[in-house]
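Chain and residue survey
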Amino acid sequence: MANSNFFRPVALEHASRLVNHGPTVLVTSSDGARRNVMAAAWSMPVEFTPPRIAIVIDKRTYTRELIAASGAFAICIPGAELVDLTYAVGSASGRDLDKFARYNIKATPGPELGMPLIETGCAAWLECRLIPESHTEDAYDTCFGEVVAAAADERVFANGRWALTDENAALHTIHHLGGGNFVRASNAIQARPL
């Protein structure tokens with residue numbers, strides 16, 4: 001039985017942190033002439049076939065402007081070796097600087113939509129076509145995308161499964177806990193049949 005003496009109220013503005021342990025991702029966008037990269041902590045799959053995802057991106061961001069202009073975006077999943085870069089691109093606005101140039105980020109155009117894809121230091125990427133949902137985008141800053149292409153580093157993801165080992169620790173996903181604090185996915189535990 002849990003000891004309720006250890007439980008304390010959590011401020012409601014921090015309640016989402018209790019359930020959001022998904023990987024922090026890098027969202028890239030481009031309208032052909034301009035491009036940007038930002039960090040996002042709130043993303044999730046919403047449908048298997050066709051594969052669709054949801055991601056929260058504030059409507060005031062430069063990224064949302066570029067996504068609206070192009071109808072597309074990419075999600076790159078940084079490994080632990082990119083924790084400083086992830087925090088940096090999440091702490092600056094693309095309106096103020098070209099983050100790709102400032103942080104020397106190498107990107108290649110995606111195979112389907114031409115979105116900037118970051119592979120060095122990333123475990124995987126997904127190229128997505130925006131599914132217009134004006135109400136949800138405006139009211140909740142939530143964007144939906146259909147995944148049209150995806151790839152992963154086979155050292156950490158193969159045969160449809162994550163394989164987190166000591167040998168590939170630099171590619172383990174990172175998870176933002178708030179205030180620049182991250183944890184790395186590691187110490188995988190295999191469930192046994194009961």
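The following refers to the structure shown.

The rules behind the values
- Residues numbered from 1 in each chain as written.
- Predicted model: local features only at pLDDT ≥ 70, side-chain atom pairs only at ≥ 80, totals over all residues.
- Heavy atoms only, no water.
- Helix = DSSP H or I, 4+ residues; strand = E, 2+ residues; numbered from the N terminus.
- Rg over C-alpha atoms; globule rule 2.2 N^0.38 Å.
- Buried < 20%, exposed > 50% of the residue type's maximum accessible area, 1.4 Å probe, protein only.
- Contact = heavy atoms within 4.5 Å.
- Areas by Shrake-Rupley, 256 points an atom, 1.4 Å probe, with all protein chains shown as cover.
- Lys, Arg positive; Asp, Glu negative; His and termini not counted.
- Charge placed at Lys NZ, Arg CZ, Asp CG, Glu CD.
- Pairing = 2+ DSSP bridges.
- Axes fitted to C-alpha atoms, helices over the stretch in contact; angles between N-to-C directions.
- Core = buried A, V, L, I, M, F, W, Y, C linked by side-chain atoms within 4.5 Å.
- Phe/Tyr/Trp six-rings, centres within 6.5 Å; stacked < 30°, edge-to-face > 60°.
- Disulfide = S-S within 2.5 Å.

**Some remarks on the overall build of the protein**
When its secondary structure is counted, the protein shows four helices and 13 strands. For 194 residues, the compact-globule estimate of 2.2 N^0.38 gives 16 Å, and the C-alpha radius of gyration of the protein, at 17 Å, lies within 12% of that figure. Overall, the C-alpha framework of the protein stretches about 60 × 40 × 35 Å when taken along its three principal axes. For the protein, the residues scored as buried account for 38% of the 194 residues in total. Partitioning the intrachain contacts of the protein with sequence separation of at least 6 by distance along the chain shows that 59% fall at a separation of at least 24. Here the protein displays about 11700 Å² of accessible surface, and carbon together with sulfur accounts for 54% of that area. Charge-centre separation for the protein: the mean point of 17 positive side chains lies 5 Å from the mean point of 21 negative side chains.

**What about the pairing of strand β12 (residues 174–178)?**
Where β12 and strand β13 (residues 181–184) come together, four bridges link them in antiparallel fashion. Each bridged residue has a counterpart across the sheet, and for Gly 178 the counterpart in β13 is Asn 181. Here β12 folds back onto β13, and the loop between the two strands holds two residues, one of which, Gly 179, carries a positive phi near 60 degrees.

**Brief notes about the sheet that holds strand β9 (residues 142–152)**
Ordered by their spatial adjacency, seven strands build an open sheet running β2-β1-β5-β8-β9-β4-β3, and the pairing between neighbours is antiparallel. With partners counted over all chains shown, the strands left at the sheet margins are β2 (35–40) and β3 (43–47), one partner each. Geometrically, the sheet is characterised by an average inter-axis angle of 35 degrees between neighbouring strands, direction not taken into account. With six bridges joining them, strand β1 (residues 25–30) and β2 adopt antiparallel strand pairing.

**Structural notes on the nonpolar core**
Core analysis: the largest hydrophobic core is formed by 17 residues, its most contacted members being Val 25, Val 27, Ile 53, Ile 55, Phe 73 and Ile 75. Going through the elements one at a time, β1, β2, β4 (52–56), β5 (72–78), β8 (122–131) and β9 are the ones with two or more residues in this core. Excluding residues that lie within four positions of it along the chain, Ile 53 makes contacts with Met 44, Pro 45, Val 46, Phe 73, Ile 75, Cys 128, Cys 143, Phe 144, Gly 145 and Val 147.

**A short note on the packing of aromatic side chains**
Summed over all chains, the structure comprises two aromatic pairs. Between the aromatic rings of Tyr 87 and Phe 182, the centroid separation amounts to 6.4 Å while the plane-to-plane angle is 90 degrees, which identifies the pairing as edge-to-face. Separated by 95 residues along the polypeptide, Tyr 87 in helix α2 (residues 83–90) and Phe 182 in strand β13 bring together distant segments of the chain. What makes Tyr 87 partly exposed here is its relative accessible area of 41%.

**Some thoughts on the state of the cysteines**
This structure, assessed with the given rule, holds zero disulfides. You can see Cys 128 has no disulfide; the closest cysteine sulfur is in Cys 76, sitting 9.7 Å from it. Taking relative accessible area as the criterion, Cys 128 reaches 0% and is therefore assigned buried.

Such coordinate-based values are descriptive only and should not be taken to indicate function.
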